[in-house]
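# Tertiary structure, described
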Amino acid sequence: MYKYLLLLLFVLTGVFAWAQDEDYPIDPMLIELKAKILSSSDSSAVPYANIINHRTHSGTITNGEGIFNLEMLNIDSLEITSVGFKPYILKVPSYYTGYDMLTFYMEPVLYNVGEVTVEGDAQQLDYFEHGNPTEVDPTLRGDAFNEKPPVVAALFSPLSFAQYYGKREKRKRQVREDMAIMRNWEMHSRNYNKEMVMKLTGLNEAYADTFMMWFNGQNVLPYTASEYQVRESIVQYYELFKMDYDLE
């Protein structure tokens with residue numbers, strides 16, 4: 001009988017000692033933890049660290065001074081994470097009742113980075129978009145609008161809208177149109193001429209003149225045509241020309 005009592009006493013003593021070693025109170029108790037998280041390297045605050053209670057799937061974050069409040073059981077463990085620090089498991093001491101502020105320290109992560117050499121040519125950047133310069137003589141530029149303004153412009157800029165339809169602005173626009181047509185015809189004549197016709201068709205000078213008169217009568221080649229369009233049209237219509245003039 002005494003042996004069993006001694007054995008029971010031994011077991012109870014071991015359980016009590018285990019509880020004391022684990023630093024847990026015997027009875028769970030709801031507390032409000034007030035704590036400050038600091039860096040172990042220089043005791044500076046760890047701001048905006050994440051505090052997670054995995055038992056309740058809840059948590060909070062520290063403020064700018066590394067302080068937080070959280071309602072929890074005194075047997076709960078909290079996981080604290082923050083960028084630049086190793087994760088930390090926080091356990092509340094068994095004597096804590098929620099009236100004082102506790103301080104915990106997180107260990108910063110140190111990264112050993114070797115020397116880095118960056119080489120290369122700096123790219124020249126142009127941060128401004130530059131418009132193309134205009135070739136229109138300043139005396140021929142519109143005083144208000146260079147293009148026909150929308151009707152709504154009459155509401156927001158009635159004077160400029162009326163000026164656009166004035167005689168002076170109309171004369172300027174007519175001169176600009178005539179100059180544009182002249183430039184286009186000059187460019188067109190470099191692509192469409194007797195030498196080009198003779199080269200592409202093999203006609204002599206007399207027949208080349210006849211072909212050009214016939215070709216112009218077809219009215220199929222605008223003066224804005226590109227060199228490729230001119231060449232293609234000459235070759236295509238030369239086949240029709242030969243049929244009309246029995247040159248086969």
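Everything in this summary refers to the structure shown in the same document. (Residues numbered from 1 in each chain as written. Predicted model: local features only at pLDDT ≥ 70, side-chain atom pairs only at ≥ 80, totals over all residues. Heavy atoms only, no water.)

## Describing the pattern of salt bridges
Enumeration over the complete set of coordinates arrives at six salt bridges. Across the pair Glu 107 and Lys 86 runs a salt bridge whose closest N-O atoms are separated by 3.3 Å. Of this pair, Glu 107 sits in the loop between β7 (101-106) and α2 (153-156) while Lys 86 sits in the loop between β5 (77-81) and β6 (88-91), placing them 21 residues apart in sequence. (Salt bridge = Lys/Arg side-chain N within 4 Å of Asp/Glu carboxyl O. Helix = DSSP H or I, 4+ residues; strand = E, 2+ residues; numbered from the N terminus.)

## With respect to the packing of aromatic side chains
Think of a pair of aromatic rings as described by two things: how far the centres are apart, and how the planes are tilted against each other in angle. One pass over the full model with this rule turns up ten aromatic pairs. Aromatic pair Tyr 192 and Phe 215: ring centres 5.6 Å apart, planes at 45°, arrangement tilted. With Tyr 192 in the loop between α4 (167-191) and α5 (194-201) and Phe 215 in helix α6 (residues 205-218), this pair connects stretches of sequence that are 23 residues apart. Considered together, Tyr 192 and Phe 215 belong to a single accessibility category, that of buried residues. A ring pair is formed by Tyr 238 and Phe 241, whose centres lie 6.5 Å apart and whose planes are at 25°; its orientation type is stacked. You can see Tyr 238 and its partner Phe 241 sitting in helix α7 (residues 227-244), three residues apart, about one turn around the helix. The exposure classification of Tyr 238 matches that of Phe 241, with both residues buried. (Phe/Tyr/Trp six-rings, centres within 6.5 Å; stacked < 30°, edge-to-face > 60°. Buried < 20%, exposed > 50% of the residue type's maximum accessible area, 1.4 Å probe, protein only.)

## Looking at the environment of Pro 47
Along the chain, the position of Pro 47 falls in the loop between β1 (30-39) and β2 (50-53). What makes Pro 47 partly exposed here is its relative accessible area of 35%. In this structure the C-alpha to C-alpha distance between Pro 47 and Ile 61, which are 14 residues apart in sequence, comes to 8.2 Å. Residues within four places of Pro 47 in sequence aside, it is in contact with Thr 62, Asn 63, Gly 64, Gly 66 and Ser 82. (Contact = heavy atoms within 4.5 Å.)

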